[in-house]
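For reference, the chains in residue letters:
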Amino acid sequence: MPPPKLLSTSTPTLSSFTSDTLWNYEVGLKSELFDKRLSFDIDAFFIDWRNIQLQPNNVVFATESNGGAASSRGVEYEASYHPF
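All values derive from a computational prediction rather than experimental measurement.

Colleague: Summarise the overall build of the protein; cite the residues concerned and give the values.
Modeller: Looking only at helices and strands, the protein has zero helices and five strands in total. Sequence-ordered secondary structure for the protein, helices as α and strands as β, is β-β-β-β-β. Scored against the burial criterion, the 84 residues of the protein give a buried share of 5%. Intrachain contacts of the protein at a sequence separation of at least 6 include 53% that bridge at least 24 residues.

Dropping the structure here:
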């Protein structure tokens, strides 16, 4: 019976991955009214992220792979009034 193998001598297979892509769409409006006493800003955005690159928490070998996709969407606004 051969002795047990403590360390592997085989070379790990590294997986290939593709570059990720990110598209960011944004539209907004900035306005000043009443002799610049009132300002109002509004903005809408959409982010589309594909082939997200992942780095698994592997202690022995650093590997990267592609994950799925993600998106983010939202609205931002700001208003201020200066009476004097």
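Colleague: Describe the sheet that holds strand E1 (residues 21-33), with residues and values.
Modeller: In spatial order, the strands read E1-E2-E5; together these three strands make up an open sheet with antiparallel pairing. One side of each edge strand has no neighbouring strand; the edge strands of this open sheet are E1 and strand E5 (70-81). Along the sheet, successive strands turn relative to each other by an average axial angle of 5°, direction set aside. The pairing of strand E2 (residues 38-50) with E5 spans twelve bridges and is antiparallel. Directly across from Asp48, in E5, lies its bridge partner Ser71.

Colleague: Let's hear about a nonpolar patch on the surface: which residues, and what values?
Modeller: A cluster of nonpolar residues, Leu29, Phe40, Ile42, Val75 and Tyr77, forms a patch on the protein surface that exposes about 510 Å² of accessible area. With respect to the helices and strands, the residue Val75 is situated in strand E5.

Colleague: Go over the environment of Asp43, please, and point to the residues and values.
Modeller: Its location among the elements puts Asp43 in strand E2. Of the residues examined, Asp43 reaches a relative accessible area of 13% and is grouped as buried. Sequence separation between Asp43 and Leu29 is 14 residues; the distance between their C-alpha atoms is 6.4 Å. What Asp43 contacts, discounting residues up to four positions off in sequence, is Glu26, Val27, Gly28, Gly74, Val75 and Glu76.

Cut-offs used in this document
- Counting starts from 1 at the beginning of each chain's written sequence and moves along it residue by residue.
- With pLDDT at 70 or above as the cut-off, local features in this predicted model cover only qualifying residues; side-chain atom pairs require 80 or more to be listed or tallied, and sums for whole chains, interfaces and linings still use all residues.
- Only hydrogens and water are set aside when side-chain values are computed; all heavy atoms of the structure are taken into account.
- Secondary structure elements are defined from DSSP: runs of H or I of at least 4 residues count as helices, runs of E of at least 2 residues count as strands, and each element is numbered from the N terminus.
- Here's how the labels work: a residue is buried when its accessible area is under 20% of the maximum for its type, exposed when over 50%, partly exposed in between, all with a 1.4 Å probe on protein chains only.
- Residues count as neighbours in contact if any of their non-hydrogen atoms are within 4.5 Å of one another.
- The pairing criterion for strands is at least two bridges between them, as found by DSSP.
- Axes here refer to lines fitted to C-alpha atoms; in helices the fit is confined to the stretch in contact. Angles between the N-to-C directions go from 0 to 180 degrees.
- Each patch is built from salt-bridge-free residues with over 30% relative accessible area, joining like charges within 9 Å and nonpolar side chains (Val, Leu, Ile, Met, Phe, Trp, Tyr) within 5 Å.
- All accessible areas in this document rest on Shrake-Rupley with a 1.4 Å probe, and a residue is counted as covered only by the protein chains that are shown.
- Salt bridges are identified by distance alone: a Lys or Arg side-chain nitrogen within 4 Å of an Asp or Glu carboxyl oxygen.

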